[in-house]
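Structure at a glance
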Amino acid sequence: YADNLVMLAEDRLIADVAKKFNWESKTPFDQFEVRSVGNARNAKESQVYREKFLTSIKDRLDTPAVRMKALDLCQELFLADGAQSEEEDEVLRNLKPLFE
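Our subject in this report is the structure included herewith. (Residues numbered from 1 in each chain as written. Predicted model: local features only at pLDDT ≥ 70, side-chain atom pairs only at ≥ 80, totals over all residues. Heavy atoms only, no water.)

Following both chains from N to C, one finds helix α3 (residues 47–60) and helix α5 (residues 86–99) inclined at 45°, their axes separated by 10 Å at the closest point. One way to sum up the angle between α3 and α5 is to call them oblique. Crossing of α3 against α5: the hand is right-handed. Facing L54, T55, I57 and K58 of α3, the residues of α5 in contact are L95, L98 and F99. Residues of the contact of α3 with α5, tallied by class, amount to 5 nonpolar, 1 polar and 1 charged. (Axes fitted to C-alpha atoms, helices over the stretch in contact; angles between N-to-C directions. Helix = DSSP H or I, 4+ residues; strand = E, 2+ residues; numbered from the N terminus. Parallel < 35°, antiparallel > 145°, perpendicular 65-115°, else oblique. Left-handed = near helix turned anticlockwise from the far one by under 90°. Contact = heavy atoms within 4.5 Å. Nonpolar A, V, L, I, M, F, W, Y, C, P; charged D, E, K, R; others polar.)

Laid out in structure tokens, this is it:
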């Protein structure tokens, strides 16, 4: 949602990656995904919410290896539609210091 567009290629990438997860949450993935979309939209609209949201993500990605995998997947997602937008560049620049 960084660039206000979710292209079909991006949606497919998300679905393909999610299939590979060993999902061990009490919350079904489809419910998690819906909640995550709302959180992403809220984070885009509010700097205060964005900081809390990103910190929450960092806390859940509890090892450097997992955080680096998340960064790699973000990069892959941002390029899935064939081009990385300025908005996506900005999101990645903000994620890198938080997740490293």
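Next up on the list: α3. For α3, built from 14 residues, the straight-helix expectation of 20 Å at 1.5 Å per residue is met to within 8% by its first-to-last C-alpha distance of 20 Å. Along α3, the residues classified as buried are F53, L54 and I57. The buried residues of α3 occupy one face: seen down the axis, they fall within an arc of 95°. Turned more than 90 degrees away from the buried face of α3 sit V48, K52 and D59, all of them exposed. Looking at the buried residues of α3, the elements they touch are α2 (29–45) and α5. (Expected span 1.5 Å × (residues − 1). Buried < 20%, exposed > 50% of the residue type's maximum accessible area, 1.4 Å probe, protein only. Arc of directions from axis to C-beta.)

Structural measurements only, silent on function.
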